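# Observations on the three-dimensional arrangement
Residue-level listing of the chains:
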Amino acid sequence: MEPSDDRDLTHLLREWKAPAAPATLRARVIGQPLPWWRWLFAGTIRVPVPVAVAAALLLAAWVYTRIPAAAPLAGPEPTVSLADFEPVRQLEPRVVGEVK
């Protein structure tokens, strides 16, 4: 190619018009939009990681504050004594589960 060809090519490229895209191209590339009710089952929402972590921490803190505190016992804890211990009168063993 000679340097003069470059000017000719530039002139031809300025005159050239791209062909129009077919009407079905958009549907093939982007796809059909989902109905709103179907999006509820299959849709996604992108959330940045810091926002998701902050939301998870806030939810955990909210749940933690909603857990009721254990009620204090009415009186002192009962003491256990072995003085009242009695052995089993009749032993009836039971196998639970499969024996291998």
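Residues numbered from 1 in each chain as written. Predicted model: local features only at pLDDT ≥ 70, side-chain atom pairs only at ≥ 80, totals over all residues. Heavy atoms only, no water.

This paragraph deals with the overall build of the protein. Looking only at helices and strands, one finds four helices and zero strands in the protein. The order of α-helices and β-strands along the protein, N terminus first, is α-α-α-α. For the protein, the C-alpha radius of gyration of 39 Å lies well beyond 13 Å, the compact-globule estimate for 100 residues. Buried positions account for 0% of the 100 residues belonging to the protein. (Helix = DSSP H or I, 4+ residues; strand = E, 2+ residues; numbered from the N terminus. Rg over C-alpha atoms; globule rule 2.2 N^0.38 Å. Buried < 20%, exposed > 50% of the residue type's maximum accessible area, 1.4 Å probe, protein only.)

Take the pattern of salt bridges next. Counted by the stated rule, this structure contains one salt bridge. Taking the shortest distance from any N to any O, the salt bridge between Arg89 and Glu86 comes out at 4.0 Å. (Salt bridge = Lys/Arg side-chain N within 4 Å of Asp/Glu carboxyl O.)

We now examine a nonpolar patch on the surface. A surface patch of nonpolar side chains, about 1,100 Å² in accessible area, is lined by Leu34, Trp36, Trp37, Trp39, Leu40, Phe41, Ile45, Val47 and Val51. For the nonpolar patch, the leading source of residues is helix H3 (residues 36–42), giving five residues. Within the secondary structure layout, Leu34 lies in the loop between helix H2 (25–30) and H3. Looking at Leu34, the relative accessible area reads 44%, which means it is partly exposed. (Patch = residues over 30% accessible without salt bridge, like charges linked within 9 Å, V, L, I, M, F, W, Y side chains within 5 Å. Areas by Shrake-Rupley, 256 points an atom, 1.4 Å probe, with all protein chains shown as cover.)

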